[in-house]
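The chain contents come next:
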Amino acid sequence: MKIATWNINGVKARIESLVAWLKEAAPEIVVLQEIKSVDEGFPREPIESLGYNVATHGQKGFNGVAILSRLPFDEVTRGLPGDPDDVQSRYIEAVVSVKGGVVRVGGLYLPNGNPIGTEKFTYKLAWMRRLEAHALALLALEEPVVLAGDYNVIPEPIDAKRPQNWLGDALYQPESREAYRRLTGLGYTDALRSVTDEQVFTFWDYQAGAFQKNDGIRIDHALLSPQAADRLTAAGTDRHVRAWEKPSDHIPVWIELGFEP
DNA sequence: ATGGCCGGCGCAGCCGGA
C-alpha cells in the first residue's frame, strides 16, 4: 500500500492539483498539511468522489491538517498530546485495518520556528519534545506506524542545495536537527534516506527561481516504526508536481509498504 | 550580483510561511 504526505499550501487553492495528483498517484492513504481551512470549508466532495474517506483537523486562515484514506478509518484522533493549551491544528492520526493487522498513520505539520531566539523557536522545540514523547508511546504498541508530514527540519547538509544559506534558520539549527535525530534514535527509520544516499528535495521556495535552480531542501519526511520499516518496499517523491500550474512549494513524498488492504 | 512569491482574509495591505 502507498502512503503519501503533501504540504499543499492551501487546499482551496490546490484542489484541482490535488485531484489530478490523487488520480495519477493513487495512494491508499494521504496526509495533508497547511490546508488553511476550517473543517466546514474543506472541499470533501471531489475527494470523496475518488473513493477516499476524509478526516480533517482545520483552523481558520493557516495551519490545518487532514488525512485521506481509501480504507475506512477504525479510529481518528486530532491534536498532538502533551499540551492542552496548544490551539494550533498540526497533528492528526488514524488507524486502518489491513490483512492481518492495522496500520497507524500520524500526519504532522511541525512548526517552522523562525525566527530563532523568539517564542516561535521555543514552540518548535517544545512541539518536537511532545512529538518525541508520543512517538515513544506509539512504539510500545508494536504496530506498523508511519509518522509523515512537513517536519520543517533539514536533517543533514546533503538535504540542502546550499546548506550554508540555512545556518541561521530554524529548519537547520543544531537543536532542530538533534530533536529529529532523537526520533530516529528511538528506532524510527527515515524512509527516504533508507532507500537512497542521493540528494533529494521536497521544497523549493516560490522566490528567486529556486525550483529552476534546484535550490531546494528536504524537509518533508516519513518516519517508520520497526514494524513498518520491515515492510518498506519503496520510497520517493513526485517532483514533477512542482512544475504544474499554480504549484504548492512542497511536493508529495510517498512510501510503499507490503501490506494488502 | 541582486532580487525576484504565495495564500488567506477580505477588499488594503498585512500575517505567516521557509
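So, how was this worked out
Residues numbered from 1 in each chain as written. Chains lettered and ligands numbered in written order. Predicted model: local features only at pLDDT ≥ 70, side-chain atom pairs only at ≥ 80, totals over all residues. Helix = DSSP H or I, 4+ residues; strand = E, 2+ residues; numbered from the N terminus. Pairing = 2+ DSSP bridges. Axes fitted to C-alpha atoms, helices over the stretch in contact; angles between N-to-C directions. Contact = placed C-beta atoms within 7 Å. Near = placed C-beta within 6 Å. Nonpolar A, V, L, I, M, F, W, Y, C, P; charged D, E, K, R; others polar. Core = buried A, V, L, I, M, F, W, Y, C linked by C-beta atoms within 7 Å. Buried ≥ 20, exposed ≤ 12 C-beta atoms within 10 Å, placed from the backbone. Expected span 1.5 Å × (residues − 1). Right-handed = clockwise from strand over helix to strand, strands pointing away. Bend = angle between axes of the 7 residues up to and from the residue.

J.: Just checking my understanding: could you explain unusual backbone geometry for this structure?
T.: In most cases, non-glycine residues show a negative phi, while peptide bonds are predominantly trans. A cis amide bond links Asn114 with the next residue in sequence, Pro115, at an omega value of -5 degrees. Structurally, Pro115 is set in the loop between strand S7 (101-109) and helix H3 (119-139). Not every positive phi belongs to a glycine, and Glu142 is a case in point at roughly 55 degrees. Relative to the assigned elements, Glu142 resides in the loop between H3 and strand S8 (145-150). With a phi angle near 65 degrees, Ala208 is a residue other than glycine that sits in the positive phi range. Locating Ala208 in the fold gives a position in the loop between strand S10 (203-204) and strand S11 (216-217).

J.: Quick question: what am I supposed to make of the sheet that holds strand S14 (residues 253-257) here?
T.: Strand pairing within a sheet occurs via backbone hydrogen bonds; the two strands may be parallel or antiparallel. The strand order S3-S4-S2-S1-S14-S13 describes an open sheet built from 6 strands, whose pairing is mixed. Each having just a single partner strand, strand S3 (53-57) and strand S13 (232-237) make up the two edges of the open sheet. For this sheet, the mean angle separating the axes of adjacent strands, direction not counted, is 15 degrees. For S13 and S14, the ladder comprises 5 bridges, and the chain directions are antiparallel. When the bridges of S14 are listed, Gly236 appears paired with Trp254.

J.: So what exactly am I meant to see when it comes to the sheet that holds strand S9 (residues 189-190) here?
T.: Ordered in space as S5-S6-S7-S8-S12-S9, the 6 strands form an open sheet in which the pairing is mixed. The sheet terminates laterally at strand S5 (75-78) and S9, the two strands that pair on one side only. The sheet contact formed by S9 and strand S12 (residues 220-224) spans 2 bridges and is antiparallel. Residue pairing across strands places Thr189 opposite Leu224, the latter belonging to S12.

J.: When you look at the environment of Asp205 in this model, what are you seeing that I'm missing?
T.: With respect to the helices, strands and loops of the structure, Asp205 is situated in the loop between S10 and S11. Separated by 44 residues in the primary sequence, Asp205 and Asp249 place their C-alpha atoms 6.0 Å from one another. Setting aside residues up to four positions removed in sequence, Asp205 forms contacts with Ala210 and Asp249.

J.: Any chance you could explain the protein's contact with DNA strand B here in plain terms?
T.: Near DNA strand B you find 24 residues, and of these Gly10, Lys36, Asn112, Tyr206 and Ala208 are the closest. Taken together, the residues of the surface near DNA strand B sort by class into 8 nonpolar, 9 polar and 7 charged.

J.: Looking at this structure, I do not really get the environment of Arg104. What am I missing?
T.: As for its placement among the helices and strands, Arg104 is situated in strand S7. When the C-alpha positions of Arg104 and Glu28 are compared, they lie 13 Å apart, and in sequence the two are 76 residues distant. Excluding anything up to four places from it in sequence, Arg104 contacts Glu93, Val95, Leu138, Glu143, Pro144 and Val145.

J.: Can you help me understand the nonpolar core in this one?
T.: Across soluble globular proteins, nonpolar side chains have a tendency to be buried as a group. Counting 67 residues, the largest nonpolar core has Ile3, Leu32, Ala66, Ile67, Val105, Val146 and Ala222 as its most contacted members. Beyond its immediate stretch of four places on either side in the chain, Ala222 contacts Thr5, Val146, Ala148, Ala191, Leu192, Ala235, Val253 and Ile255.

J.: Is there a simple way to explain helix H4 (residues 174-186) in this structure?
T.: Because each turn of an α-helix spans 3.6 residues, side chains separated by three or four positions end up pointing in the same direction. Taking 1.5 Å per residue, 13 residues should reach 18 Å; H4 reaches 18 Å between its end C-alpha atoms and fits that length. Packing partners of the buried residues in H4 comprise H3 and S12. At the C-terminal side of H4, Gly187 shows a positive phi close to 125 degrees.

J.: Where do I start with the pairing of strand S1 (residues 2-7) in this structure?
T.: For a regular strand, the rule is simple: side chains alternate between the two faces of the sheet. Counting buried residues along S1, 5 of its 6 residues qualify, which places the element largely inside the surrounding structure. The sheet contact formed by S1 and S14 spans 4 bridges and is antiparallel. Bridge pairing in S14 links Thr5 to Val253. Looking at chain direction, S1 and strand S2 (residues 29-33) are connected through 5 bridges and run parallel. Across the sheet, the residue bridging to Ala4 is Val30, located in S2. In this fold, the crossover linking S1 to S2 by way of helix H1 (residues 11-25) has right-handed handedness.

J.: Would you explain H1 in this entry?
T.: Between its first and last C-alpha atoms H1 spans 18 Å; for 15 residues at 1.5 Å apiece the expected length is 21 Å, and the helix comes up short by more than 12%. Along H1, the helix axis deviates most sharply at Ser17, where the bend reaches about 40 degrees. Every buried residue of H1 is listed here: Val11, Arg14, Leu18, Trp21 and Leu22. A positive backbone phi angle near 50 degrees is found at Ala26, which sits one or two residues after H1.

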